[in-house]
Amino acid sequence: MTGMRLGVRAMSLGGKDDNLVRRYGWFKCSDCGRGWESAYAWVYQENEIAVYGQECKSCPGKYVKPYKVDKLRCPICGATAGGCSCKRRDKKVHRSDLCEKCMSGKYCTLVGNEK
Ligand SMILES: [Zn+2]
Ligand SMILES: [Zn+2]
Ligand SMILES: [Zn+2]
């Protein structure tokens, strides 16, 4: 039953993203010192450990994980996601080409779990 074992492995891999929550992340490249922020930092729900990195714009191939994450907040009133009624509109476009999660085919913008 080798086929069955393979199936189980594929399932656990696919389930990885179910435990993820979206966070606001702060990144800093250890190679060039460049820092940036993103509203698409993904961490495990249980322990807030970052799963995916983002590529440094100055260092192609260098993926950096956030050194700090925080709950997504409304840029207008500062409330955490879902806790206000402001009309939010993300001005910044998510750079999928620099995002490890998007590049793996699981696009950030297709996942709606903001917790
Ligand atoms: Zn860099
Ligand atoms: Zn608000
Ligand atoms: Zn992404």
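Enquirer: Explanation requested: the overall build of the protein in the structure shown.
Expert: Helix and strand counts for the protein come out as 2 helices and 5 strands. Mapped in sequence order, the helices and strands of the protein form the string α-β-β-β-β-β-α. Expressed as a percentage of contacts within the protein between residues at least 6 apart in sequence, the contacts between residues at least 24 apart total 52%.

Enquirer: Looking at this structure, I do not really get unusual backbone geometry. What am I missing?
Expert: When glycine is set aside, most residues are seen to have a negative phi, and most peptide bonds are trans. One non-glycine residue, glutamate 48, lies in the positive phi region at around 60°. Along the chain, glutamate 48 falls in the loop between strand S2 (35-44) and strand S3 (54-55).

Enquirer: So what exactly am I meant to see when it comes to the environment of tryptophan 26 here?
Expert: Assignment of secondary structure puts tryptophan 26 in strand S1 (residues 20-28). C-beta crowding within 10 Å serves as the criterion here: with 15 such atoms nearby, tryptophan 26 is assigned to the partly exposed category.

Enquirer: I keep staring at the sheet that holds S2 and nothing clicks. Help me out?
Expert: In a beta sheet, neighbouring strands are held together by backbone hydrogen bonds and run either parallel or antiparallel to one another. Taken in spatial order, the 3 strands make up an open sheet running S2-S1-S5, and their pairing is antiparallel. The outermost strands of the open sheet, each flanked by one partner alone, are S2 and strand S5 (68-70). This sheet shows a mean twist of 35° between the axes of neighbouring strands, independent of strand direction. The pairing of S1 with S2 spans 8 bridges and is classified as antiparallel. By the bridge assignment, glycine 25 is partnered in S2 with serine 38.

Enquirer: Would you mind showing me how to read the confidence of the model for the protein here?
Expert: Close inspection of predicted coordinates is inappropriate for parts of the model with low pLDDT. Per-residue confidence for the protein averages 83 on the pLDDT scale, and 78% of its residues sit at or above 70. Below pLDDT 50 for its whole length, residues 6-14 participates in 0 contacts with residues either more than four positions away or in separate chains.

Enquirer: Where do I start with the nonpolar core in this structure?
Expert: One recurring pattern in soluble globular proteins: nonpolar side chains tend to sit buried together. One finds Leu20, Tyr40, Ala41, Trp42, Val43, Ala50, Tyr52, Val69 and Cys99 forming the largest nonpolar core, which totals 9 residues. Among the elements that line this core, the one with the most residues is S2, at 4 residues.

Enquirer: I would appreciate a short explanation of the environment of threonine 109 in the present structure.
Expert: In this fold, threonine 109 is placed in the segment after helix H2 (100-103). Note on threonine 109: 12 C-beta atoms within 10 Å, which makes it exposed. Between the alpha carbons of threonine 109 and tyrosine 40 there is a distance of 8.6 Å; along the sequence they are 69 residues apart.

Enquirer: Where do I start with the pairing of S1 in this structure?
Expert: A regular strand places its side chains so that they alternate between the two faces of the sheet. Linking S1 to S2, which pair antiparallel, is a turn of 6 residues; within it glycine 33 sits at a positive phi near 80°. For S1 and S5, the ladder comprises 3 bridges, and the chain directions are antiparallel. Opposite glycine 25, over in S5, you have valine 69 as the bridge partner.

Rules used throughout
Residues numbered from 1 in each chain as written. Chains lettered and ligands numbered in written order. Predicted model: local features only at pLDDT ≥ 70, side-chain atom pairs only at ≥ 80, totals over all residues. Helix = DSSP H or I, 4+ residues; strand = E, 2+ residues; numbered from the N terminus. Contact = placed C-beta atoms within 7 Å. Buried ≥ 20, exposed ≤ 12 C-beta atoms within 10 Å, placed from the backbone. Pairing = 2+ DSSP bridges. Axes fitted to C-alpha atoms, helices over the stretch in contact; angles between N-to-C directions. pLDDT = per-residue confidence, 0-100. Core = buried A, V, L, I, M, F, W, Y, C linked by C-beta atoms within 7 Å.

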